[in-house]
Structures are given as structure tokens and as C-alpha cells.
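# Overview (structure and organization)
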Amino acid sequence: MLGTGPGDPGPRPRPRPGRTPVPRELQEVVFVDGVRTPFGKAGEKGMYAQTRADDLVVKCVRELLRRHPELPKERVEEVAIAATTQIGDQGLTLGRLTGLLSGLPKSTPGYSIDRMCAGAMTAVTNVSSSIGVGAIDVAVAGGVEHMGRHPMGEGVDPNPRIVAERLVDESALVMGRTAENLHDRFPELTKERCDAFAVGSQRKLAAAYEAGHVQPDLVPVATRHVEKGWGLATVDEPPRPGTTLEELATLRTPFRPHGNVTAGNAAGLNDGATACLLASQAAADELGLPVRMRLVSYAFVGVEPEVMGIGPVPATEKALAKAGLTIEDIGLFELNEAFAVQVLSFLDHFGIADDDERVNPWGGAIATGHPLASSGVRLMTQLARHFEAHPEVRYGLTAMCIGIGMGGAVIWENPQHADYGKDA
């Protein structure tokens with residue numbers, strides 16, 4: 001008899017009759033479309049001071065659905081929404097509530113994500129993985145941050161052992177101080193270089209607005225302000241067009257006396273939201289959805305928290321290795337400008353000039369703003385626009401540093417390129 005001998009594990013289960021499961025092939029994941037609200041300045045005087053955070057991201061999701069009537073709402077199978085400070089109107093499983101408030105069926109599930117600045121980027125890679133293995137076919141991913149209502153770090157209680165046991169230096173918990181640490185590590189990344197990069201970011205964004213490049217992806221938002229009354233947000237509030245090197249040289253360095261990081265060469269405190277549609281290639285073909293990019297590979301890595309700005313470097317190296325590519329294969333870069341020094345450390349590592357025209361062609365977060373968890377999708381939406389204008393470019397990169405010492409990178413392929421999909 002089975003299961004009666006010494007050391008025998010016991011009765012074995014009898015095989016059940018029925019069909020043998022058929023392994024599913026991995027699916028190609030495509031970026032269909034992305035939108036964002038105009039980004040605002042955080043605080044009582046900002047244009048979103050009286051606007052709820054969840055309403056900002058709901059506005060983005062509704063706009064995606066409006067722009068794509070070919071997509072039946074019931075075909076959206078997941079909603080992943082990121083926020084760094086998940087309390088108040090950014091809490092309570094924001095992805096699920098966003099789906100309900102956006103008019104998606106009650107059968108559409110959702111969840112929230114926190115990977116600090118890379119929240120929306122992680123929302124994209126999470127749902128892309130689900131699509132890739134065939135668990136779902138269509139999803140919404142995005143992020144929101146209302147730093148006016150919920151300043152970074154509000155309500156948190158970091159375990160004191162992380163500093164007491166010297167797991168990290170105290171400076172690791174203040175992003176501006178980590179940027180100053182990066183200056184220390186790479187003294188060739190001078191304040192003058194950072195200020196020049198910041199001026200370039202402002203200039204490029206102003207030129208992009210003048211040419212009408214930015215506006216198509218902005219979702220107008222009705223606003224109410226205590227002093228200004230009702231209004232309509234249609235453009236970003238943070239940009240300072242016409243900024244000069246002379247002006248930046250006079251700004252104080254709040255994170256260190258006689259330091260290098262200022263309000264002029266770093267992203268500010270901002271409010272805003274983003275959202276995008278992702279699908280399997282098969283679902284996009286079936287539904288007639290546009291394909292603006294194909295996901296090639298992605299990577300997240302940890303680095304020393306004290307110099308978190310270096311995170312995009314090893315993340316990009318890992319993503320390139322996974323894809324079998326080199327940095328020379330990347331023809332367009334959308335790098336989040338949390339701090340100028342952080343972007344310059346990336347460019348120096350890969351031998352790219354500070355003013356390389358492939359990098360942030362429409363400027364970056366220093367000019368546009370950086371509402372933390374929302375920014376990853378802004379990078380992707382802009383890269384998709386760049387691909388349309390540059391069919392000669394096959395691959396592009398979106399990358400960003402992440403608080404507490406991490407980096408993230410996602411590589412995309414341009415469907416306009418003559419070799420699109422070959423050797424995929």
C-alpha cells in the first residue's frame with residue numbers, strides 16, 4: 001500500500017481528469033497614450049490649492065477614455081495609481097477609487113503604489129508585467145502628488161534604528177542633502193554646470209510651448225482659488241522662462257551653507273497628475289488602439305541612500321543588459337530632473353554632453369515641475385511624442401532617481417522606425 005513504508009511521504013494525490021493546461025506565450029506590451037494635468041506650484045498660492053488630489057488623476061483617466069472611444073470601458077482590467085504620501089485624498093487604495101470615479105465598471109480592480117518619485121514609473125512596469133504574462137490585456141497606470149496638501153514626509157515615522165545603527169547617514173532622508181553629497185563625490189559637477197543645465201531646461205520648455213508641442217497632452221482642469229476665484233489650468237505654473245545664469249548665481253543654498261543646490265537648479269514642490277493606457281500588442285490590434293511605443297526592458301536598483309541621485313546609472317546599465325543593447329543604441333533620453341547634478345552625473349558616466357540635443361528636448365522637471373509620484377508617465381508621454389517626430393530613432397530611455405537610494409529605467413522602441421519589432 002502507498003504511504004505505509006518507512007520514510008514514505010504518505011498517500012499521493014490521484015491525477016484529476018481534465019485538460020492539460022497550455023502554457024501562454026509572453027505578450028508584447030505597448031504604450032497606447034498618455035496625458036497629464038498642467039503642473040502647479042504647491043502651497044496656498046498655487047493653482048490647485050483648493051483642488052483635491054484624487055480629482056486631478058481622475059481628470060486624466062477620464063480624458064484617456066474620452067480620447068479612445070474605440071476602447072470599451074469593460075476592457076480596462078486594472079488601474080494602478082501611485083502617490084508618495086498616501087493619506088487624505090491620496091489614500092484609501094487610490095487606484096480602485098480612481099477607477100470608480102472615472103466611470104470604469106465596478107468590475108475593474110485597482111491598487112495604489114509607493115516608490116516615491118518613481119511611483120508612476122512603477123505603476124507602468126507593474127501592469128506591463130501583468131500584461132506580459134497574459135494576466136490582463138489593457139490597463140491604466142499613473143500617479144498623482146499634491147505636495148501643497150501633503151508635503152513629502154507628512155505623517156511618516158522612520159524607524160530610528162535606520163540612523164542609530166548607521167544603516168544610512170542622516171542626510172539620506174533629505175533629498176536636497178543627497179544632491180549636495182553627489183556634488184562632493186563628483187567635484188567636477190560644479191554649481192556653474194548645474195545652473196547652465198537649469199537655464200537650458202527653462203529655455204527648451206519655453207521653446208516647446210511656443211511650438212505647441214506640450215499642449216496636446218495637457219488636460220485642462222477647472223480650479224478654484226480663495227483669492228482668484230474660479231479658473232482653468234491650461235499650462236504649467238512652475239516654469240520661469242527667461243531665467244539667466246546671473247539670476248541663478250544669487251540664489252541661496254538651503255541644504256548647506258555655501259553649497260551648490262538651489263531652487264533654480266532643482267525641481268520645485270509641485271502638484272499634478274498623470275495617466276496612461278497600456279495594452280498587449282494583440283489587444284491593441286484587436287481594438288484598433290494606436291501603438292506609440294513598445295516596452296523593451298526595465299530595471300530598478302538600489303544604491304547608497306546618501307547619493308540617491310546616482311541611481312539612474314546602474315538602473316540604465318541593468319536595463320540595457322537585459323535588452324542586449326548599449327548606451328549607443330539609445331537615440332532619445334527623457335531623464336527626470338529632480339536635481340541638475342543628478343542628471344549631469346548620468347551624462348558624465350555615459351560620456352554624453354551636458355547640452356546633447358537627444359536629452360530632454362522639451363526641458364525637464366527643473367522647468368516643468370516634479371509632482372513626485374506622477375512624473376514617470378510624463379517622461380513616457382513626452383518620449384512617445386519625440387518618437388513621432390524622429391522615425392530615425394529606434395530606442396529611447398526614460399529614467400529617474402528615487403528617494404532612499406534607488407534608480408529606475410525603462411527602455412522603449414519606436415514603432416515609426418524601419419526595423420521596429422525585428423529581433424524583438
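Residues numbered from 1 in each chain as written. Predicted model: local features only at pLDDT ≥ 70, side-chain atom pairs only at ≥ 80, totals over all residues. Heavy atoms only, no water.

We now examine the pattern of salt bridges. For the structure on display, the rule yields 22 salt bridges. With a shortest N-O distance of 2.9 Å, Asp 348 and Arg 193 are connected by a salt bridge. Pair noted here: Asp 348 is in helix 10 (residues 340-349) and Arg 193 is in helix 6 (residues 191-210), with a separation of 155 residues, a long-range link. A relative accessible area of 32% places Asp 348 in the partly exposed class. Its relative accessible area of 21% is what places Arg 193 among the partly exposed residues. Several salt bridges converge on common partners, so that one network encompasses Asp 33, Glu 63, Arg 66, Arg 67, Asp 217, Arg 292, Arg 385 and Glu 388. (Salt bridge = Lys/Arg side-chain N within 4 Å of Asp/Glu carboxyl O. Helix = DSSP H or I, 4+ residues; strand = E, 2+ residues; numbered from the N terminus. Buried < 20%, exposed > 50% of the residue type's maximum accessible area, 1.4 Å probe, protein only.)

Right, let's get into the UniProt feature "active site" (unreviewed entry) in the protein chain. In the numbering used here, UniProt assigns the feature "active site" (unreviewed entry) to Cys 117, His 370 and Cys 401. In terms of the greatest pairwise C-alpha distance, the residues named above, spread along 285 residues, form a tight cluster of at most 12.1 Å across. Relative to the assigned elements, Cys 117 resides in the loop between strand 4 (110-113) and helix 3 (119-132). Cys 117 has contacts with Thr 84, His 370, Leu 372, Ala 373, Met 400, Cys 401 and Ile 402, leaving out every residue within four places of it along the chain. (UniProt positions renumbered as here; feature names shortened; annotations may be inferred. Contact = heavy atoms within 4.5 Å.)

Attention now goes to the packing of aromatic side chains. Tallying each qualifying case throughout the model produces 4 aromatic pairs. The interplanar angle of 75° and the centroid separation of 6.3 Å between the aromatic rings of Phe 333 and Phe 346 together place this pair among those described as edge-to-face. Here Phe 333 is found in strand 10 (residues 330-335), whereas its partner Phe 346 is found in helix 10, with 13 residues between them in sequence. Each member of the pair, Phe 333 as well as Phe 346, carries the same accessibility label: buried. (Phe/Tyr/Trp six-rings, centres within 6.5 Å; stacked < 30°, edge-to-face > 60°.)

Another point: the packing of helix 5 (residues 175-185) against helix 10. The N-to-C vectors of helix 5 and helix 10 enclose an angle of 40°; their axes lie 9 Å apart at closest approach. The orientation of helix 5 with respect to helix 10, classified from their angle, is oblique. Regarding helix 5 and helix 10, the two cross each other, and that crossing is left-handed. For the pair formed by helix 5 and helix 10, the contact residues are Ala 179, Leu 182 and His 183 on the first element and Val 341, Gln 342 and Ser 345 on the second. Looking at the contact of helix 5 with helix 10 residue by residue, the classes come out as 3 nonpolar, 3 polar and no charged. (Axes fitted to C-alpha atoms, helices over the stretch in contact; angles between N-to-C directions. Parallel < 35°, antiparallel > 145°, perpendicular 65-115°, else oblique. Left-handed = near helix turned anticlockwise from the far one by under 90°. Nonpolar A, V, L, I, M, F, W, Y, C, P; charged D, E, K, R; others polar.)

Together, Leu 173, Val 174, Phe 255 and Ile 404 give the surface a local cluster of nonpolar side chains, amounting to about 280 Å² of exposed area. By relative accessible area, which is 37% here, Leu 173 ends up partly exposed. (Patch = residues over 30% accessible without salt bridge, like charges linked within 9 Å, V, L, I, M, F, W, Y side chains within 5 Å. Areas by Shrake-Rupley, 256 points an atom, 1.4 Å probe, with all protein chains shown as cover.)

Another aspect to go through is helix 3. Relative to the 20 Å expected for 14 residues at 1.5 Å per residue, helix 3 spans 20 Å between its end C-alpha atoms, a close match to the ideal helical length. Buried residues of helix 3: Gly 119, Ala 120, Met 121, Thr 122, Ala 123, Val 124, Thr 125, Val 127, Ser 128, Ile 131 and Gly 132, and no others. After helix 3 finishes, the residue Gly 134 shows a positive phi value of roughly 85°. (Expected span 1.5 Å × (residues − 1).)

With that settled, consider the nonpolar core. In terms of nonpolar packing, the biggest core is built from 44 residues, with Phe 333, Leu 335, Phe 339, Leu 347 and Leu 397 touching the most fellow members. At the level of secondary structure, the elements contributing two or more residues to this core comprise helix 5, helix 6, strand 9 (293-302), helix 9 (312-323), strand 10, helix 10, strand 11 (395-402) and strand 12 (406-413). It is helix 10 that contributes the most residues to this core, 6 residues altogether. Dropping the residues within four chain positions of it, Phe 339 is found in contact with Met 175, Gly 176, Ala 179, Val 261, Asn 265, Ala 266 and Met 308. Counting 37 residues, the second-largest nonpolar core is a separate cluster that includes Ala 80, Met 121, Phe 387 and Val 410. (Core = buried A, V, L, I, M, F, W, Y, C linked by side-chain atoms within 4.5 Å.)

Overall, the predicted model of the protein chain reaches an average pLDDT of 94, with 94% of residues at or above 70. Throughout residues 1-6 the model reports pLDDT below 50, and contacts reaching past four residues in sequence, or to other chains, amount to 4 contacts. (pLDDT = per-residue confidence, 0-100.)

Here the focus is the UniProt feature "domain: Thiolase C-terminal" (unreviewed entry) in the protein chain. Following the UniProt record, the feature "domain: Thiolase C-terminal" (unreviewed entry) maps to residues 292-413 here. Between the end C-alpha atoms of residues 292-413 there is a gap of 9 Å, over a span that is 34% helix and 26% strand.

Take Pro 158: it is sitting in the loop between strand 5 (138-146) and helix 4 (161-164). The class for Pro 158 is partly exposed, based on a relative accessible area of 45%. When the C-alpha positions of Pro 158 and Leu 173 are compared, they lie 9.2 Å apart, and in sequence the two are 15 residues distant.

On to the pairing of strand 12, then. Within strand 12, 7 of the 8 residues are buried, which leaves it mostly tucked inside the rest of the structure. As paired strands, strand 9 and strand 12 are joined by 8 bridges and run antiparallel to one another. Among the inter-strand pairings, Tyr 298 is bridged to a residue of strand 12, identified as Val 410. Linkage of strand 11 to strand 12, two consecutive antiparallel strands, is achieved through a turn of 3 residues, within which Ile 404 is found at a positive phi near 65°. (Pairing = 2+ DSSP bridges.)

Moving on, we come to the environment of Glu 413. With respect to the secondary-structure elements, Glu 413 resides in strand 12. Considered as a pair, Glu 413 and Arg 394 are 19 residues apart in the sequence and their alpha carbons are 5.6 Å apart. Non-local contacts of Glu 413, meaning those with residues more than four positions away in its chain, are made with Met 293, Arg 294, Val 296, Phe 387, Arg 394, Tyr 395, Asp 419, Tyr 420 and Gly 421. A polar contact of 2.7 Å, which involves the side chain of Glu 413, links it to the side chain of Arg 294. (Polar contact = N/O pair within 3.5 Å; in protein donor to acceptor, adjacent residues only side chain to side chain.)

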